[in-house]
Amino acid sequence: MITPHAGGEPVLPTPLALPRGSSTVLRIVLGAQLRRLREQRHITLEAAGYAIRASHSKISRMELGRVGFRVRDVADLLTLYGVTDEDDRQALLALVQRANVTGWWHNYNDILPSWFETYVGLEESATVIRNYEVQFVPGLLQSEGYARAVVRLGFPSAPDEEVERRVRLRMARQRMLRAEEPPRLWAVLDEAVLRRPLGGPEVMCDQIDHILQQLDLPNVTVQIVPFSVGGHAAAGGPFSILRFSQPDLPDVVYMEQLTSAVYLDKRDDVDRYLEVMERLCIEAEPASRTREILVGIREELAGRS
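All of these numbers come straight from a predicted model, not from anything done at the bench.

Conventions used here
Residues numbered from 1 in each chain as written. Predicted model: local features only at pLDDT ≥ 70, side-chain atom pairs only at ≥ 80, totals over all residues. Heavy atoms only, no water. Helix = DSSP H or I, 4+ residues; strand = E, 2+ residues; numbered from the N terminus. Buried < 20%, exposed > 50% of the residue type's maximum accessible area, 1.4 Å probe, protein only. Contact = heavy atoms within 4.5 Å. Areas by Shrake-Rupley, 256 points an atom, 1.4 Å probe, with all protein chains shown as cover. Lys, Arg positive; Asp, Glu negative; His and termini not counted. Charge placed at Lys NZ, Arg CZ, Asp CG, Glu CD. Polar contact = N/O pair within 3.5 Å; in protein donor to acceptor, adjacent residues only side chain to side chain. Pairing = 2+ DSSP bridges. Salt bridge = Lys/Arg side-chain N within 4 Å of Asp/Glu carboxyl O. Axes fitted to C-alpha atoms, helices over the stretch in contact; angles between N-to-C directions.

> Help me get a handle on the overall build of the protein chain, residues and values and all.
From N to C terminus, the protein chain includes 12 helices and 8 strands. For the protein chain, the spread of C-alpha atoms along the principal axes amounts to about 75 × 45 × 35 Å. By the burial criterion, 49% of the 305 residues in the protein chain qualify as buried. When contacts within the protein chain are restricted to residue pairs at least 6 apart in sequence, long-range pairs at least 24 apart make up 72% of them. Counting every atom, the protein chain has about 15000 Å² of accessible surface; 51% of that belongs to carbon and sulfur. Across the protein chain, the centroid of the 36 positively charged side chains sits 3 Å from that of the 42 negatively charged ones.

This is the structure in structure tokens:
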């Protein structure tokens, strides 16, 4: 957090205290710090834009972390905002360099839409990921065969090479679950997700086996909402909630649509979805029964193959 010196100058994090995370998250953190500095000095967006020969809308995008940063621009803004201590300046300029480093997912820019690229960057830095799904197994829990069936369903005319690249991207995202400091993944699945034979019974059997393997990880929890519940709290459809360790980052609710996505971070919106998620967890079968339920469904599917 930025706090003032006794003389009124802001104190910025030292390089050792710089936040960790993907470039997506670091841009958001850097933008939030720049916004706080600007507001402390009561400087308008227009005045800040004039100082770096840009529009006020560019300053707004920078403060939201939606664009990259130039070292020169940030240096000029720090001067405008009264940040003169060299250690303080270097701390933020070092953050600029880290925020501009491209993530591994940029290798998939040819198949990764910008609205989903943001999610992948946020997901990479989240400490807790909570999913609710009604149709598909969450991407972080998909087996390779199941992922391939999902991709072919969404892109029926895509050539095989593109399909395989999309599958590889999905598999690459899953590496975080076995990282040195992995996020906590807590997924709530409607029973329909497991009953729908996407790709056929054999693919679904492999998919259930894959979930069972992932449940061996201490950071993975899965609950299932059975058909017997009937209507439930999340009648609006699937969503994800991401939580971060950085104090400048609020929880984010993510809802994917056919050709775009919605991101919510206002406290009232997030609290509403957190409430729905908690109710879903109560309505779902306890996590202690997940293995039993999965094994039962797998046995039924194996009998059909």
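Next comes the rest of the account.
> Could you give an account of the environment of Ala47, naming the residues involved and the relevant values?
Along the chain, the position of Ala47 falls in helix α2 (residues 45–51). Assessed through its relative accessible area of 33%, Ala47 is described here as partly exposed. Each C-alpha atom of the pair Ala47 and Leu80 lies 9.3 Å from the other, and the pair is 33 residues apart in sequence.

> I'd like to hear about the side chain of Gln223, residue by residue, with values.
In this structure, Gln223 sits in strand β5 (residues 220–225). Gln223 sits in the buried class, given a relative accessible area of 5%. Only 3.1 Å separates the side chain of Gln223 from the backbone oxygen of Glu285, close enough to count as a polar contact.

> With reference to specific residues and values, describe the pairing of strand β7 (residues 252–256).
Across the 5 residues that make up β7, a large majority, 4, are buried. Here 3 bridges tie strand β6 (residues 239–243) to β7, and the two strands are oriented antiparallel to one another. Bridge assignment links Ile241 to a residue of β7, and that residue is Val253. Bridging between β7 and strand β8 (residues 261–264) involves 4 bridges; their strand directions are antiparallel. In the strand pairing of β8, Tyr254 is matched with Tyr263. The turn linking β7 back onto β8 is made up of 4 residues.

> Describe in detail helix α7 (residues 144–154), supporting the description with residues and values.
Buried residues of α7: Tyr146, Ala147, Ala149, Val150 and Val151, and no others. Looking at the buried residues of α7, the elements they touch are α8 (160–173) and α10 (201–214).

> How would you explain the pattern of salt bridges if you had to name every residue and give the values?
A complete count under the given rule lists 21 salt bridges for this structure. Among the ionic pairs, Glu191 bridges to Arg195, the shortest N-O distance being 3.0 Å. One end of the pair is Glu191 and the other is Arg195, both in helix α9 (residues 191–195) and 4 residues apart, which spans about a single turn. Looking at Glu191, the relative accessible area reads 11%, which means it is buried. A relative accessible area of 27% places Arg195 in the partly exposed class. Asp251 serves as the salt-bridge partner of Arg267, at 4.0 Å between the closest nitrogen and oxygen.

> Run through the sheet that holds β7, naming residues and quoting values.
Sheet architecture is open: 6 strands sit in the order β5-β4-β3-β6-β7-β8, paired in mixed fashion. Both outer strands of the open sheet, β5 and β8, are each paired with one neighbouring strand and no more. Ignoring which end each strand starts from, the neighbouring axes of this sheet average 15° apart. Relative to β6, strand β3 (residues 128–133) is paired through 5 bridges, and the arrangement is antiparallel. Among the inter-strand pairings, Tyr132 is bridged to a residue of β6, identified as Phe239.

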